[in-house]
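# Topology and contacts: notes
Listed here are the chains, written in short residue letters.
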Amino acid sequence: MKCIILAAGTATRMRPLTTNLPKCLLPVGGKPILQRAIEHVAAAGIEQIGLVIGFQGEAIREFVKKQFPSLRIRFIVNPKYESTNNAFSLLMAREFFYAGSKEKRPLHDLLLMDADIVFSPRLLPFFLNEGSPNRIAVRVAGHHDEEEVRVKVDALGNVLVIGKTTPLADAYGESIGIEFFASHEAQRLFETLEQRVRSGDGRNEFYEASFQAMIDQGMCFKAVDVSSFPAIEIDTPEDLRAAEALVMTQGDSSKNS
């Protein structure tokens, strides 16, 4: 398995905290968000990590190299991070995904995640051991609001709609920004991203638009309820405070759930 972590954004909603510091390096409980994420990925046994950087990319590169000198982490630069969205950043990681395959055939499954999530170390082992070929981590329990990427599912828990258009009353829960793809479906993901970027739509989209296109074409995504494992995506200063409170309440999330 390979893991791609997206850390290229400018995080304008977090300013002034992110005026000169990338959001993923903001500390939560005394430890940068990205450090926590990489520790959890490595603890899950994933040895190849691709990290897409853009805004303050050198600061991220220097931090990661210093903090994780023994891990195999490849840095992928989105040079157009100011004018594109995370779908384009993910497409930039295509060569990393295919690395090792001379014929560009997928050799690995793919774990995809955003770099701004504070989550329990027990979440990934649970999520990765769930048996569905393609799955999305969803927080079902708790309060939900209009800012979330919402998921609507069928009676079997398969995702029908992912995005912000589903009314809250019809939503199963929030996609927290962690997904798993079996190798050939990961290949389809990159093909879909490229098609949408070439058409002009994909440059400024969230990658969930490509997920939806694949679902509309018949691909099956399983919504996996991870509510038992605390997770917060940091989009606003309020989210950062909530994550800090969560870590302080439950202890260091690198050691506890």
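Here's a quick rundown of the structure. (Residues numbered from 1 in each chain as written. Predicted model: local features only at pLDDT ≥ 70, side-chain atom pairs only at ≥ 80, totals over all residues. Heavy atoms only, no water.)

On to the packing of helix α6 (residues 183-199) against helix α7 (residues 208-216). One way to put it is that α6 packs onto α7 with a least axis distance of 9 Å and a crossing angle of 110°. Between α6 and α7, the angle falls in the class roughly perpendicular. Handedness of the α6/α7 crossing: right-handed. From α6, E185, R188, L189, T192, L193 and R196 reach across to α7, where they touch A209, S210, F211, A213 and M214. (Axes fitted to C-alpha atoms, helices over the stretch in contact; angles between N-to-C directions. Helix = DSSP H or I, 4+ residues; strand = E, 2+ residues; numbered from the N terminus. Parallel < 35°, antiparallel > 145°, perpendicular 65-115°, else oblique. Left-handed = near helix turned anticlockwise from the far one by under 90°. Contact = heavy atoms within 4.5 Å.)

Across the junction of R15 and P16, the peptide omega takes the value 10°, indicating a cis bond. Mapped onto the secondary structure, P16 falls in the loop between β1 (2-7) and β2 (27-28). For A11, which is not a glycine, the phi torsion comes out positive at approximately 55°. Topologically, A11 is positioned in the loop between β1 and β2.

Right, let's talk about helix α1 (residues 33-43) for a bit. Across the 11 residues that make up α1, a large majority, eight, are buried. For α1, the complete set of buried residues consists of I33, L34, Q35, R36, A37, I38, H40 and V41. Within two residues after α1, G45 carries a phi angle of roughly 90°, on the positive side. (Buried < 20%, exposed > 50% of the residue type's maximum accessible area, 1.4 Å probe, protein only.)

Moving on, we come to the nonpolar core. By size, the foremost hydrophobic cluster in this structure holds 36 residues, and its most contacted members are L34, L51, V64, L123, F127 and I178. Setting aside chain neighbours within four positions, we find F127 in contact with L111, R135, I136, A137, I178, E179, F180, V224 and V226. A87, V153, V197 and F211 belong to the second largest nonpolar core, which has 35 residues in total. (Core = buried A, V, L, I, M, F, W, Y, C linked by side-chain atoms within 4.5 Å.)

Let's shift gears to the pairing of strand β10 (residues 159-163). Two elements, strand β9 (residues 150-153) and β10, share four bridges in a ladder whose sense is antiparallel. Bridging across to β10, K152 finds its partner in V161. Connecting the antiparallel pair β9 and β10 is a turn made up of five residues, with G157 showing a positive phi of about 85°. (Pairing = 2+ DSSP bridges.)

Because each turn of an α-helix spans 3.6 residues, side chains separated by three or four positions end up pointing in the same direction. Most of α7 sits out of view: seven of its nine residues are buried. When α7 is considered as a whole, its buried residues turn out to be E208, S210, F211, Q212, A213, M214 and I215. Looking one or two residues beyond α7, the residue adopting positive phi is G218, at roughly 105°.

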